[in-house]
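# Examining the three-dimensional arrangement
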Amino acid sequence: MPAEFAWEVIDKCEWATLATVDGEGKPYCVTLSIARKGECIYFHCAHEGFKVDCMRRSGEVCMTFVGDTRRATKSFTTAYESACIRGRAEEVNDTEEKIEALRMLCLRHTPANMANFDAAVKGSLARTAIWRVKVYEITGKRKVLRSE
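Every value quoted in this text rests on a predicted model; they were computed, and no experiment measured them.

With antiparallel pairing, 7 strands are arranged side by side in an open sheet as 2-1-5-6-7-4-3. Of all strands in the sheet, those with a lone pairing partner are strand 2 (27–32) and strand 3 (35–37), marking the two edges. Neighbour-to-neighbour, the strand axes of this sheet turn through a mean angle of 30 degrees, independent of strand direction. Sheet topology places strand 1 (residues 16–21) next to strand 2; 6 bridges connect them, and they run antiparallel. Each bridged residue has a counterpart across the sheet, and for Thr20 the counterpart in strand 2 is Tyr28.

Here you go:
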C-alpha cells in the first residue's frame, strides 16, 4: 500500500507498539498512545525506565500500528490494515514543543477533557517526558475480505 495509506492507519489507530533493542541486543517492545505531526510520532512517558534506557542507548526504533480489523465469519482469516515505521527516537527538551505534543495527545485521546488541560500540564510537565520519532521509512499493508 502507498505511504499515504500507512499515514492514514497511523492517524486512526487506537495505540501503537514501539520496539527497541536493549544493551545486549535483545528486543523489547511496549504499547503506547501516540499523536502525529507531519512525519513525526510523539508519545509521553516517565523520565526513567527500561524503554527510556533503550532509546537513550540507541534511538533506532520500529513502530507498528493497527487500523480497522474485521474477522471473517465463513473462513479462517481477518481483514486488517496496518502500518510499520522505522525511525529515530529523540527526547523533546523544548518546553513549547513538549506542551504542543501533550496537547496533540490529549486532543486525540481525551478530547472531552480539554478544559482541564492547562491545569494538568502545569502540575505534571516537570515529571513527564516527551519523545519524538522522526520517521525515515514507512510501509502499509491491508487485507480485504472477499465476499462473505
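On we go from here.
Our focus in this paragraph is the side chain of Thr20. Tracing the chain through its elements places Thr20 in strand 1. Non-local contacts of Thr20, meaning those with residues more than four positions away in its chain, are made with Lys26, Pro27, Tyr28, Cys54, Met55 and Val61.

In total, this model carries 1 aromatic pair according to the counting rule given. Seen in terms of ring centroids, Tyr28 and Phe50 are 4.7 Å apart; in terms of plane orientation they differ by 80 degrees. Their pairing is edge-to-face. In this pair, Tyr28 is assigned in strand 2 and Phe50 in helix 2 (residues 50–57), connecting sequence segments 22 residues apart.

What follows is about the environment of Val66. You can see Val66 is positioned in strand 5 (residues 60–71). On the basis of relative accessibility, which here comes to 41%, the residue Val66 falls in the partly exposed class. Taking the C-alpha atoms as reference points, Val66 and Pro27, 39 residues apart in sequence, are found 20 Å from one another. Setting aside chain neighbours within four positions, we find Val66 in contact with Val9, Cys13, Glu14, Glu81 and Ser82.

Quick notes on the rules
- Residues numbered from 1 in each chain as written.
- Predicted model: local features only at pLDDT ≥ 70, side-chain atom pairs only at ≥ 80, totals over all residues.
- Heavy atoms only, no water.
- Pairing = 2+ DSSP bridges.
- Helix = DSSP H or I, 4+ residues; strand = E, 2+ residues; numbered from the N terminus.
- Axes fitted to C-alpha atoms, helices over the stretch in contact; angles between N-to-C directions.
- Contact = heavy atoms within 4.5 Å.
- Phe/Tyr/Trp six-rings, centres within 6.5 Å; stacked < 30°, edge-to-face > 60°.
- Buried < 20%, exposed > 50% of the residue type's maximum accessible area, 1.4 Å probe, protein only.

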